[in-house]
Amino acid sequence: MQQLKQIQTQVFRIGLHQNPDTLNKLMVFCTDPKNGNFLQYSERIFNYIENPSLFIYNVMIKAFVKGGSFGRAIGFFHQLRVHGLWPDNFTYPFVFKAVGCLRNVYVGEKVHAYVLKSGVEFDCYVCNSIMDMYGELGCVENARKLFDEMPERDLVSWNVLISGFVKCARFEDAVSVFRRMQQEESVKPDEATVVSTLSACTATKDSELGREIHRYVVNEIGFTPTISNALLDMYSKCGYLSIARQIFDIMPAKNVISWTSMVSGYVNCGKLDEARDFFERSPVRDTVLWTAMINGYVQFNRVDEAVALFREMQIRGIKPDMFTVVALLTGCAQVGALEQGKWIHSYIDENRIPVDAVVGTALIVMYSKCGCIDKSIEIFHRLKEKDTAVWTSIICGLAMNGQSSKALTLFSEMKQAGFKPDDITFIGVLSACNHGGLVEEGRRYFDSMKKMYRIEPKLEHYGCLIDILGRAGLLDEAEEIIEKIPKESNEILGPVYGALLSACRIYGNVVIGERMATRLAEMDYSGSSLHTLMANIYASADRWDDVTKVKGKMKAIGVKKAPGCSSIEVDGHVHEFLVGDASHREMKEVHAMLDGITKPLSGLEDTEMEADNKVAGIS
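Described in the following lines is the structure provided in the data block. (Residues numbered from 1 in each chain as written. Predicted model: local features only at pLDDT ≥ 70, side-chain atom pairs only at ≥ 80, totals over all residues. Heavy atoms only, no water.)

1. With respect to unusual backbone geometry
For step 1, the next point in the chain: Positive phi, close to 60 degrees, is recorded for Asn301, a residue that is not glycine.
For step 2, the next point in the chain: With respect to the helices and strands, Asn301 occurs in the loop between helix H18 (287–299) and helix H19 (303–315).
For step 3, the next point in the chain: Taking the relative accessible area as the measure of exposure, Asn301 reaches 44% and is therefore partly exposed.
For step 4, the next point in the chain: You will see that Arg454, though not glycine, has its phi angle at about 55 degrees, which is positive. (Helix = DSSP H or I, 4+ residues; strand = E, 2+ residues; numbered from the N terminus. Buried < 20%, exposed > 50% of the residue type's maximum accessible area, 1.4 Å probe, protein only.)

2. A few points about the packing of helix H10 (residues 155–167) against helix H12 (residues 191–204)
When two helices pack together, their arrangement is given by the angle between the helix axes and by the axis-to-axis distance.
For step 1, the next point in the chain: The contact between H10 and H12 brings their axes to 9 Å, and the two run at 20 degrees. With respect to H12, the element H10 is oriented roughly parallel. Crossing angle aside, the handedness with which H10 passes H12 is left-handed. Residues Leu155, Asn159, Ile162, Ser163 and Val166 of H10 lie in contact with H12, whose contacting residues are Ala192, Thr193, Ser196, Thr197, Ser199 and Ala200.
For step 2, the next point in the chain: Considering only residue class, the contact of H10 with H12 consists of five nonpolar, six polar and no charged. (Axes fitted to C-alpha atoms, helices over the stretch in contact; angles between N-to-C directions. Parallel < 35°, antiparallel > 145°, perpendicular 65-115°, else oblique. Left-handed = near helix turned anticlockwise from the far one by under 90°. Contact = heavy atoms within 4.5 Å. Nonpolar A, V, L, I, M, F, W, Y, C, P; charged D, E, K, R; others polar.)

3. Considerations on the packing of helix H14 (residues 225–237) against helix H16 (residues 256–268)
For step 1, the next point in the chain: Relative to each other, H14 and H16 sit at 5 degrees, their axes nearing to 8 Å. In this view, H14 runs roughly parallel relative to H16, as classed from their interaxial angle. Touching Asn229, Leu232, Asp233, Ser236 and Lys237 of H14 are Ile257, Ser258, Ser261, Met262, Gly265 and Asn268, all from H16.
For step 2, the next point in the chain: Partitioned by chemical class, the residues of the contact of H14 with H16 number three nonpolar, six polar and two charged.

4. What about the packing of aromatic side chains?
For step 1, the next point in the chain: For the structure on display, the rule yields 23 aromatic pairs.
For step 2, the next point in the chain: Geometrically, the ring pair formed by Tyr57 and Phe76 is edge-to-face, given 6.2 Å between the ring centres and 65 degrees between the ring planes. Of this pair, Tyr57 sits in helix H4 (residues 54–66) while Phe76 sits in helix H5 (residues 70–82), and the two are 19 residues apart along the sequence. Side by side, Tyr57 and Phe76 carry an identical accessibility label, which is buried.
For step 3, the next point in the chain: Measuring from ring centre to ring centre gives 5.4 Å for Phe248 and Phe278, while their planes differ by 70 degrees; the resulting arrangement is edge-to-face. Of the two residues, Phe248 is situated in helix H15 (residues 241–250) and Phe278 in helix H17 (residues 272–281); the sequence distance between them amounts to 30 residues.
For step 4, the next point in the chain: Members of the aromatic cluster, joined through ring pairs, are Phe46, Tyr57, Phe64 and Phe76. (Phe/Tyr/Trp six-rings, centres within 6.5 Å; stacked < 30°, edge-to-face > 60°.)

Here it is in structure tokens:
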């Protein structure tokens, strides 16, 4: 900076401070990040230039975009037009980049209109930047329209459109563009094409196209670290771990992304020990890798191990992100580990992890599933930004905890606030009607799904409605609803029949129960709970021969009743107990405690004391 100021002094001394060539070179130097952080200084120089050229404006706009000052870049774009200059094909790409990063659709469309007026709309470089902006803004149809109207397209044009569809989660469209590209003789896919298309294959589980791209890489462009990682991710997420392992083993340079893909692949297949082995062998572990392993333990209800790994993560100085704590809170919610959930909540507060909609939703779900609905409500009201997921989580939580009227009140507030409910929201609403015995409301909300919100009811919604009707004794109407359900796989339909069977057991309706049982037999459904329900229906009607037949059938087809399971959290550890399982290392102490509780309640303790007194008297 000292040398720069000395040179600038000489520039002023000999009268070159308004010379265009001198100013151009000076501004290029000051805005180049390789030379240091002179951006503020360059802006000061700019303010002293009497008639800044379009070149200088372009240099400043580029510098602001590269430095992340997108608003300032847009400001300079408007300023150059006020000064009577007209943008060129070097101006627009950086302006569109700034607009995309600001995610401002209105400004993007306005700048696009300037392009049409300026006559550079057919410049391939400019068109590609407009398409890229629309991809960032989620307006990918605008990008497709522009692409189709381009008189000439280069490889970047194809890559930008494919990438835009991938960003907007329109993976089938991305694959379609790739297929169309293959038919063109003028362009061939490069690394960017391959990586974007493999992302689409991963999302759609299209391993066939993935293999085709793999062959193309081998024969045409060769492997790069980025391509290898994309293939590794595709194969591991599609369940082809053996192929993923082969690619991993031959990779000359493995980075943390490679190790994370393998860990995630083994986690998705339920092979947690193999995943942990890869995790331990990874030479570098970032937050994403730690979170992938923690999330794996959470998925398979091994919450204690997830928390232990989280503690190790802290010891090693790895800072968790919101996804890490959300995974842990999800695990605590699954097993009802309230104390661990509270500890994670304290960790969030102490480390100032922002409680946004995602973290807030996880906290609401954790507390509501652990029975602390008041805490869930408190968190809900403290959240500054709420989305549909936040509203849904609190509605479902209230319904789960039997607070039906509050759940439905919040549902009304959600609609008044302008949020559109989704299919999960309606599961919470219908559950609230079920717990509250609100039959008419349940019917009305179920009907509104299609009529008002164009949400096609799923089996879960039908199950809730059948449960509402069944609990109210409206078994005939519930059976009529079942007839309207789109017939899907037996394993999915089974629980819906189970809801009606449960009602038949409560009301002792053997006739409808038998009809349901016959349909289940025709479907060849082998769920243990439904056979048990049917046996209970017969038992309530004193038809013991039929009970024996059902149990005999269960034995014949190999159906076993799933053992009951309960869990309790002690000192931050969750202990599970299965019926008939005496393998817990402290089972003697458990039985001793149970005896100590049950004897006073049943009066056995007093009987034993009387017996002891009698023995003492005889002696």
